[in-house]
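Examination of the molecular architecture
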Amino acid sequence: MNPFNYLVGSMLVFTTWDIPVTCKTSELAIFNPPSSQTCIEYLTPYLNGMGAGTNLLNPNATAGCEVCQYRTGADYLATLNLTEKYFGWRDAGIVALFVFSGYGLVYLLMKLRTKKSKTAE
């Protein structure tokens, strides 16, 4: 169990979950739909299935469809297996538990020392 993984997960959820994603032009998937179809007509099955987290920027265009990979930070975090907002609190709790259990163990072990182990040779 790596507490750093949970620390980063909680910080990412709290800072990026609801943030809208704005793609640069170089990050967009740009393509032409089949003739006589708009971008939304062509991409509706994809947007309702696997592409549910993608953002179609020009739905009524008949050429040059622009698709951004994410809509919000939550769509990006889903690729990191952080699929629910409460995962941030879960991960923060795991980090706190790790920290306090470490301090608790040190305190307990200091109390369990014997007089013989307290003296230096």
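Read on for an overview of the structure. This structure is a prediction, so every number in the text was calculated from the model and none was measured. (Residues numbered from 1 in each chain as written. Predicted model: local features only at pLDDT ≥ 70, side-chain atom pairs only at ≥ 80, totals over all residues. Heavy atoms only, no water.)

Regarding the overall build of the protein chain
Stated formally: Put simply, DSSP H or I for four residues or longer makes a helix, DSSP E for two residues or longer makes a strand, and each gets a number counted from the N terminus. As a reference, a globule follows 2.2 Å times the number of residues to the power 0.38, and the radius of gyration itself is taken over C-alpha atoms. Under the scheme applied here, a residue whose accessible area is under 20% of the maximum for its type counts as buried, over 50% as exposed, and between as partly exposed, the area being computed with a 1.4 Å probe on protein chains only. The contact criterion used is simple: two residues touch if any of their non-hydrogen atoms lie within 4.5 Å. Computed by Shrake-Rupley with a 1.4 Å probe, the accessible areas treat only the displayed protein chains as cover when residues are assessed.
Within the protein chain, the secondary structure is distributed over 5 helices and 3 strands. Along its sequence from the N terminus, the protein chain presents helices and strands in the succession α-β-α-β-β-α-α-α. A globule of 121 residues ought to have a C-alpha radius of gyration of about 14 Å, yet the protein chain, at 25 Å, is considerably larger. When the backbone C-alpha atoms are referred to their principal axes, the protein chain occupies close to 90 × 25 × 20 Å. Taking all 121 residues of the protein chain together, 23% fall into the buried category. Counted over contacts in the protein chain with a minimum sequence separation of 6, partners at least 24 positions apart contribute 61%. Roughly 8,900 Å² of accessible area belongs to the protein chain as shown, and the carbon and sulfur atoms make up 62% of that amount.

Some thoughts on the pattern of salt bridges
The following threshold applies: For this analysis, a salt bridge means a side-chain nitrogen from Lys or Arg found within 4 Å of a carboxyl oxygen belonging to Asp or Glu.
Applying the stated criterion across every chain yields a total of 2 salt bridges. The closest approach of N and O atoms between lysine 85 and aspartate 18, which form a salt bridge, is 3.0 Å. Of this pair, lysine 85 sits in the loop between helix H3 (73-78) and helix H4 (86-111) while aspartate 18 sits in the loop between helix H1 (3-16) and strand E1 (29-31); the two residues are 67 residues apart in sequence, bridging distant segments of the chain. Take aspartate 18: its relative accessible area is 55%, and that puts it in the exposed class. In this structure, arginine 90 engages aspartate 91 in a salt bridge whose closest nitrogen and oxygen atoms are separated by 2.9 Å.

Details of a nonpolar patch on the surface
Keep this limit in mind: Like-charged residues are merged into a patch within 9 Å and nonpolar side chains (Val, Leu, Ile, Met, Phe, Trp, Tyr) within 5 Å, provided each residue has over 30% relative accessible area and no salt bridge.
On the surface, a cluster of nonpolar side chains totalling about 480 Å² of accessible area is made up of Phe98, Val99, Phe100 and Tyr103. Mapped onto the elements, valine 99 comes out in helix H4.

Brief notes about helix H2 (residues 39-48)
Rule in force here: This arc is taken over the directions from the axis of the helix to the C-beta atoms.
Those residues of H2 that fall on the buried side of the exposure criterion are Cys39, Leu43 and Leu47. One face of H2 carries all of its buried residues, which in axial projection span an arc of 55°. Seen from the open side of H2, the exposed residues pointing more than 90 degrees away from its buried face are Pro45 and Asn48.

A look at the sheet that holds E1
What counts here: Two strands pair under a simple rule: DSSP has to find at least two bridges between them.
Taken together, 3 strands build an open sheet; the order of strands is E1-E3-E2 and the sheet is antiparallel. Since the sheet does not close on itself, it has two edges, and those belong to E1 and strand E2 (55-56), each with one partner. The pairing of E2 with strand E3 (residues 65-68) spans 2 bridges and is classified as antiparallel. Its bridge partner lying in E3, asparagine 55 is registered against cysteine 68.

Topic: the state of the cysteines
Here is the rule: Put simply, a disulfide is two cysteine sulfurs that come within 2.5 Å.
Per the counting criterion, the structure on display carries 2 disulfides. Paired by a disulfide, cysteine 23 and cysteine 68 hold their sulfur atoms 1.7 Å apart. Disulfide cysteine 23-cysteine 68: torsion about the S-S bond near 50°, hence right-handed. Separated by 45 residues along the polypeptide, cysteine 23 in the loop between H1 and E1 and cysteine 68 in strand E3 bring together distant segments of the chain.

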